Amino acid sequence: MKTELFTIMSVCLFTAEMYGQKITSFSFLQDKWNEYQQQEMFEPTDFLRIFKDRVSVEEMKEAFAKYKNYTVQQGIADYGEYDVVQCLAGANSTMIVSPLQRHPKKEIKDCHAVWHEYGSDIVIKDVKDRNGTSRKDYVEKLNKERSNWLNGDVVTLKHPCWYMGVVVSADPRLYIYDKGKLVCDESGSKLHYPDFFSYASIHRRGTMRLAGHIDWTYGMSSGALLLGKMHSMESATYAFPEKTFSVLLHACHDGKDENSAYTLELLEPEKADKAVLHLFKDFKNTVERLPANAFKAYYTTDFRIMTGRYYRVTVNKCGWLVEDYFELNKVRMLAQK
């Protein structure tokens, strides 16, 4: 354990001039960053015509005040508001654009289906009508006649989860059908992680994923820890007592700073003392030197893009501890059961 902690703390960060900005690079993790870039540094353009709006910074800040202590069971139940796509090797997906909604018959439009992931394609496994009654007769007919009704976009979000009052997923998928045949299959994620730090924290240790645990939240907690430990390496040692504060990390889209991909907002305490303000500024300087695409976008069930991360930061003589509220709320939820 001590050896592993020393290795993590020995991550050496250096800065390089790039586009007029000093970008934090990952010396010890450079190979992992290169791997991550090759697979995740792309813009899923097809999704931009579906997710046309963004969750604003002000809305994210207001959500924190309302939901920071809110606990809710993660995931969306089958046969709920959306169709569900079941996957044998990982988490289920929620279908936020279902072709049943475009079916010419009203009795079919009122149904919700459970689909099964079959290779790169999907087939209907079960259908329940508006009264919750399973309709096997619909299943057989729909699968047999899919060339008559299965056309256009089908959009899913894998393992959707509540995050400060919004249902999000970092793993969207778009199927496009023409007369029942799949003509396009685009995934918004090749690596099922929420950010580079989650990916690096797992693959640096060589940890293997287990079947049934393949979803985008995997590694989130260890990724936040790695972010804090990396910052500890380039931050000064502080003599004052332990301090804790909460921040919103989000992508820069307002044009105020063209040289930064990300920035921080201080959420609490509302009346921060000089020590907290100093620590916040220190952490913000590091965040604003992170390269673009270090954090993946979250896609919401109401067809928006959310770039925010809510962190609780604790600083003491041992260094910087960064924790995502996604995990903090989940821990509190489990503790209440």
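Residues numbered from 1 in each chain as written. Predicted model: local features only at pLDDT ≥ 70, side-chain atom pairs only at ≥ 80, totals over all residues. Heavy atoms only, no water.

1. What to know about the overall build of the protein chain
Rules: Numbering goes from the N terminus for both helices and strands, where a helix is a DSSP run of H or I of at least four residues and a strand is a run of E of at least two. Relative accessibility under 20% of the residue-type maximum defines a buried residue, over 50% an exposed one, and the middle range a partly exposed one, all with a 1.4 Å probe and only protein chains included. Values of accessible area rely on a 1.4 Å probe in the Shrake-Rupley scheme; residue burial ignores everything except the protein chains shown.
Secondary structure summary: the protein chain contains 11 helices and 18 strands in total. Taking all 337 residues of the protein chain together, 49% fall into the buried category. Working note: accessible area of the protein chain is about 17,000 Å², and carbon and sulfur atoms make up 52% of it.

2. A short note on the packing of aromatic side chains
Condition: We call Phe, Tyr and Trp rings a pair once their centres come within 6.5 Å, taking the six-membered ring for Trp, and we label the pair stacked below 30 degrees between planes, edge-to-face above 60, and tilted otherwise. The rule is short: NZ of Lys or CZ of Arg within 6 Å of the ring centre and within 35 degrees of the ring normal puts a charge over the ring.
On inspection of all chains with the given rule, the structure shows 24 aromatic pairs. With centroids separated by 4.9 Å and ring planes inclined at 70°, the aromatic side chains of Phe51 and Tyr299 adopt a geometry described as edge-to-face. Separated by 248 residues along the polypeptide, Phe51 in the loop between helix H3 (45–48) and strand E3 (53–54) and Tyr299 in strand E15 (residues 298–300) bring together distant segments of the chain. The residues Phe51 and Tyr299 share a single accessibility class, namely buried. Following the ring pairs from residue to residue traces out a cluster consisting of Trp33, Tyr36, Tyr193, Phe196, Phe197, Tyr199, Tyr218, Tyr262 and Phe295. The ring of Tyr138 is capped by Arg135, whose NZ or CZ atom sits 4.1 Å from the centre of that ring. Above the ring of Tyr298, the side-chain terminus of Arg309 is found at 3.9 Å from the ring centroid.

3. Examining the pattern of salt bridges
Note that side chains of opposite charge can pair when their charged atoms are close. The test is simple: For salt bridges, the criterion is a side-chain nitrogen of Lys or Arg within 4 Å of an Asp or Glu carboxyl oxygen.
Here the structure, examined in full by the defined rule, presents 19 salt bridges. Put simply, Lys68 and Glu268 hold a salt bridge, and the shortest N to O gap is 2.7 Å. Taken together, the residues Lys68 in the loop between helix H4 (57–67) and strand E4 (83–86) and Glu268 in strand E14 (residues 262–268) connect sequence positions 200 residues apart. One salt bridge in this structure joins Glu323 and Arg312, with 3.1 Å as the shortest N-O distance.

4. Digging into the sheet that holds strand E10 (residues 166–169)
The criterion, for reference: By definition, two strands form a pair when at least two bridges between them are found by DSSP.
One open sheet accounts for five strands, arranged E3-E16-E15-E10-E9; its pairing is mixed. This sheet does not close on itself; its edge strands, each paired only once, are E3 and strand E9 (161–163). Relative to strand E16 (residues 304–306), E15 is paired through two bridges, and the arrangement is antiparallel. Following the sheet pairing, Tyr299 is matched in E16 by Ile305.

5. Details of the sheet that holds strand E18 (residues 319–324)
To keep things clear, this is the line we draw: Only C-alpha atoms enter the line fits that serve as axes; for helices the fit covers just the stretch in contact. Angles between N-to-C directions range over 0 to 180 degrees. Every residue pair with non-hydrogen atoms within 4.5 Å of one another is taken to be in contact.
An order of E14-E13-E17-E18 is seen for the four strands of this open sheet, with the pairing classed as antiparallel. In this open sheet, the two edge strands, each paired with only one partner strand, are E14 and E18. Averaged over all neighbouring strand pairs, the angle between strand axes comes to 35°, with direction disregarded. Where strand E17 (residues 309–316) and E18 come together, six bridges link them in antiparallel fashion. Within the sheet, the bridge partner assigned to Val315 lies in E18 and is Trp320. Contacts from H4 reach strand E13 (243–251), E14 and E17 within the one sheet, and its direction differs from that of E13 by about 150°.

6. A closer look at the pairing of E4
Put simply, side chains in a regular strand alternate between the two faces of the sheet. The two faces of E4 match: Asp83 and Val85 on one face and Val84 and Gln86 on the other face are all buried. With three bridges connecting them, E4 and strand E5 (residues 93–97) associate as antiparallel partners. Residue pairing in the sheet places Val85 in a bridge with Ser93 of E5. Between E4 and the antiparallel strand that follows it, E5, lie six residues; Gly90 among them carries a positive phi value of about 145°. For E4 and strand E6 (residues 112–118), the ladder comprises three bridges, and the chain directions are parallel. Directly across from Val85, in E6, lies its bridge partner Trp115.

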